[in-house]
Amino acid sequence: MPDKIVVAGVSVDTRHWIGGRRVASGDTFTDASPIDGSVLGEIARGGPAEAQAAVVAARDAFPAWAATPRAERARLLHAIADGVEKRLEELAIVETNDNGALLRSHRRGVMPRVAHNFRFFADWLLKLDHEDFETRGHTNHVSWDPAGPCVLITPWNAPLMLATWKVAPALAAGNTVVLKPAEWSPLTASLLADIAAEAGLPAGVLNVVQGYGAEIGDALTSHPDVRRISFTGSVPTARRIAASAAANLTPLSLELGGKSPLLVFADADLDLAVDLAVEQYDNAGQVCLAATRILVEETVAAEFTRRFLEKAATLTQGDPRDEASDIGPNIHPRQLEKIDGFVQRAIAAGARAIVGGHRGDGQYYAPTLLADVAQDSEIVQEEVFGPVLTLQTFADEDEAVRLANDTRFGLAATVATGDTRRAERVTAQLVAGTVWVNCFFVRDLLAPFGGSRQSGVGREGGTWSFDFYCDLKNTVTAPKGWNQDHG
Ligand code: NAD
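As named in an unreviewed UniProt entry, the protein is Betaine-aldehyde dehydrogenase, taken from Streptomyces regalis. Turning to the protein, the UniProt annotation filed under Sequence similarities (unreviewed entry) states: "Belongs to the aldehyde dehydrogenase family."

Written as structure tokens, this is what we have:
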């Protein structure tokens, strides 16, 4: 297999990055573009041996990196951010070819945020502090100590954004990292390894291994030298990882799926509510936070639906490299199968497709809105992870909250209302890690991010990230001349 492939003019190394050098595997897997199914290349297919090598490299690099002064760690993270910005265009085009999300959003939104992830956690590291406090004259000093090698496992829907959301705080905290990107979109993680090396990150501090989760995952997550596992992906995989991590009681952060509601009250700005609803087709619906359950107050449901249809008709589905496209393809033929399975079963059970309800050409799925769906039906309860929304109505606030909270998930919720008091009452009752009122996807790294119920375990962001990636220590020092026996 060639060590490098060229994707849209950008050279990408297909081997692992372990201990500061490129490492091939005996076997490969095929990486194809969702845009047209074309083969992008053969990628090194790691297994237990590569997992072991990467964790050992991370373990060996840990003491020196942990002892590196905060200011130097922060400087290197800013240097990585500079590298991301310098190669922003290349990262954007490679990511679009690899995962099919819109080039314009990679250029303007996602890749700048990748750079910001490094800058934010570099700056936050320098501010990280807890005021000393006294206990009977003794000083308590709280410190965030580096924990050790971290395994970071990420999905394909926002590959580099989600990976760096973990890599940046893990490195800032003084930990070393083994990153395993998803097998359907591994390429930008390899470019990140190049960028980090060019920035001067010491060998072994960041390692990248590729492969199928089922083949390499367990060797990473059950390794006794791993001190933290941060995973973003699906609930079934999270269960396997948690079981594997249990052997060593390795602390876990889990960012999982969702089935988030959008509550539209009769007093809402209906045009805004419709904009928020149609926005849920972004990234072809492959967004964990997507508000896929639209709940509308009965009295405005007909008008809401009329305006939704009007707005949805203006969306352009097409090649994600095209500036005019609003919705690109779905990631993989298997994902498309899964999406269509959900939709056809829902229709067979009595749902009515107001919009879409079928496949498009190639790997595209028609944006879909399903009405007449029962609260306990599969389509309302299970995450589809495609451009598929459901529409339900409610009579009053109590019913709205009851329907909103009635799934096993709790990642996010969005409320559209013109009444501030109502917003306060409703948001207080919603079970979700993030709640938006009259807006969507406004995110700040300062905020705690994560899911309630089966949408996740733990929160990351700001100090919460350092709390997870570090061993918190409290050091209690007696006052000078203090005597344990006599005080
Ligand atoms: P997935 O669970 O299939 O795979 C995620 C990653 O886990 C991949 O890298 C995969 O190779 C790896 N993996 C698979 N089996 C493994 C194992 N046994 N051990 C270790 N690693 C293993 O998820 P996906 O289909 O790639 O991503 C979609 C899911 O991710 C959706 O459920 C979505 O909601 C969720 N997601 C959540 C967030 C969030 O922040 N909460 C963000 C994005 C996506």
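A. Fine view of the pairing of strand β13 (residues 252-255). Burial along β13 is two-sided: the face carrying Leu252 and Leu254 and the face carrying Ser253 and Glu255 are both buried. Regarding topology, helix α8 (residues 235-246) serves as the crossover connection from strand β12 (residues 228-232) to the parallel β13, and that connection is right-handed. Relative to strand β21 (residues 456-457), β13 runs antiparallel, the two sharing two bridges. Pairing of Leu254 across the sheet is with Val457, part of β21.

B. Broad picture of the pattern of salt bridges. Inspection of the entire model under this criterion finds 34 salt bridges. Each of Asp3, Asp13, Arg15, Arg22 and Asp194 takes part in salt bridges that share partners, so that together they form one network.

C. Here's a closer look at the environment of Asp145. Structurally, Asp145 is set in strand β8 (residues 138-146). Along the backbone, Asp145 and Asp467 are 322 residues apart, and their C-alpha atoms lie at a distance of 9.6 Å. Once residues within four sequence positions are removed from consideration, Asp145 is found in contact with Cys470, Asp471 and Lys473. Here Lys473 takes part through its side chain, which lies 2.7 Å from a polar atom of the side chain of Asp145.

D. Fine view of the side chain of Arg15. Relative to the helices and strands, Arg15 is located in the loop between β2 (10-13) and β3 (16-18). When its relative accessible area of 17% is taken as the criterion, Arg15 is described as buried. At 3.2 Å, the side chain of Arg15 forms a polar contact with the side chain of Asp3. Those residues in contact with Arg15, other than ones at most four positions away along the chain, are Met1, Asp3, Arg22, Val23, Ala24, Ala44 and Gln210.

How each quantity is defined
- Residues numbered from 1 in each chain as written.
- Predicted model: local features only at pLDDT ≥ 70, side-chain atom pairs only at ≥ 80, totals over all residues.
- Heavy atoms only, no water.
- UniProt positions renumbered as here; feature names shortened; annotations may be inferred.
- Buried < 20%, exposed > 50% of the residue type's maximum accessible area, 1.4 Å probe, protein only.
- Helix = DSSP H or I, 4+ residues; strand = E, 2+ residues; numbered from the N terminus.
- Right-handed = clockwise from strand over helix to strand, strands pointing away.
- Pairing = 2+ DSSP bridges.
- Salt bridge = Lys/Arg side-chain N within 4 Å of Asp/Glu carboxyl O.
- Contact = heavy atoms within 4.5 Å.
- Polar contact = N/O pair within 3.5 Å; in protein donor to acceptor, adjacent residues only side chain to side chain.

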